[in-house]
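Given next are the chains, with one letter for each unit.
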Amino acid sequence: KFCYCTGIRPVVVYGGTNVQNQQRDLDSGADILVATPGRLVDLIERGRIKLDIVRFLVLDEADRMLDMGFSDDIAKIITFLPAQRQNLLFSATMPAKMRVLAKKILVNPVEINIAISKPPEQIVQKAFIVYEAQKAGIIKDMLSSSRYSKVIVFCSKKQNVKKLTADLKHAKLSVAEVHSDL
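Structural notes, computed from the coordinates. What you see is a predicted model; the values in this text were computed from it and never measured.

## What about the pattern of salt bridges?
Consideration 1: For the coordinates displayed, the defined rule picks out 7 salt bridges.
Consideration 2: Across the pair Asp67 and Lys97 runs a salt bridge whose closest N-O atoms are separated by 3.7 Å. Of this pair, Asp67 sits in helix α3 (residues 62-67) while Lys97 sits in helix α5 (residues 96-105), and the two are 30 residues apart along the sequence.
Consideration 3: Under the relative-accessibility criterion, Asp67 is labelled exposed at 52%.
Consideration 4: Taking the shortest distance from any N to any O, the salt bridge between Lys163 and Asp167 comes out at 3.2 Å. Taken together, the residues Lys163 and Asp167, both in helix α7 (residues 158-170) and 4 residues apart, mark about one turn of the helix.
Consideration 5: A residue is classified by how much of its surface remains accessible, and Lys163, at 53% relative accessible area, is exposed.
Consideration 6: One network of salt bridges, in which partners are shared, links Arg39, Asp42 and Arg46.

As structure tokens, this is what we get:
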């Protein structure tokens, strides 16, 4: 979506879906390739993609990829890339195996650490461990009190957002919902 109307052609490849459609997209050409390591290795091994003109390598969520066992795939992909390229590595954490990968692929790296910020004192953060059936009642009870004037409630699914919104409206609370259907 970021490339819409820019003249830049992105292609996305990932496992668990029809590889023929992805190969067709690749055959049409790509300026940017967004890929999961496993599917990219698969396409390399099939001879369906060459990486010899890649100018930028971006490893996003690198720590998660290593946790998921993609270390060998990443190492293999790197062998198909040109030696002269810009590497960017993004990671929420820097465990030992991440540092090993960084040392292996980065040249004169600059490490940028972003400190975890603390919320303002007037913001109250609480966590409640409850059964699913208890959630709506606890939220209604909390919101019915005058202790809180502005509240954000996060739900794991849009269906949960819709149901909770309906429950809170039924309890005569002023509530609005935000999810991908809106």
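## Some remarks on helix α4 (residues 71-79)
Consideration 1: Residues Ile74, Ile77 and Ile78 constitute the buried set of α4. Within α4, the buried residues cover an arc of 100° as seen down the axis, which keeps them to one side. Residues of α4 that are exposed and point more than 90 degrees away from the buried face comprise Asp72 and Thr79.
Consideration 2: Packing partners of the buried residues in α4 comprise α2 (37-45), β3 (56-59), α3 and α5.

## Notes on the environment of Phe56
Consideration 1: Within the secondary structure, Phe56 sits in strand β3.
Consideration 2: Separated by 31 residues in sequence, Phe56 and Asn87 place their C-alpha atoms 5.9 Å apart.

## Some remarks on the side chain of Arg39
Consideration 1: Assignment of secondary structure puts Arg39 in helix α2.
Consideration 2: Under the relative-accessibility criterion, Arg39 is labelled buried at 11%.
Consideration 3: Discounting residues that sit within four places of it in the chain, Arg39 has contacts with Val13, Tyr14, Gly15, Gly16, Thr17, Asn18, Val19 and Gln22.

## Observations concerning the packing of α2 against α4
Consideration 1: Where α2 meets α4, the axes come as close as 9 Å, and the angle between the chain directions of the two elements is 45°. Comparing the axis directions of α2 and α4 gives the class oblique. Note that α2 runs across α4; the crossing there is left-handed. Where α2 abuts α4, its residues Pro37, Gly38, Leu40, Val41, Ile44 and Glu45 lie against Asp73, Ile74, Lys76 and Ile77.
Consideration 2: Its residues assigned to classes, the contact of α2 with α4 shows 6 nonpolar, 1 polar and 3 charged.

Rules behind the numbers
- Residues numbered from 1 in each chain as written.
- Predicted model: local features only at pLDDT ≥ 70, side-chain atom pairs only at ≥ 80, totals over all residues.
- Heavy atoms only, no water.
- Salt bridge = Lys/Arg side-chain N within 4 Å of Asp/Glu carboxyl O.
- Helix = DSSP H or I, 4+ residues; strand = E, 2+ residues; numbered from the N terminus.
- Buried < 20%, exposed > 50% of the residue type's maximum accessible area, 1.4 Å probe, protein only.
- Arc of directions from axis to C-beta.
- Contact = heavy atoms within 4.5 Å.
- Axes fitted to C-alpha atoms, helices over the stretch in contact; angles between N-to-C directions.
- Parallel < 35°, antiparallel > 145°, perpendicular 65-115°, else oblique.
- Left-handed = near helix turned anticlockwise from the far one by under 90°.
- Nonpolar A, V, L, I, M, F, W, Y, C, P; charged D, E, K, R; others polar.

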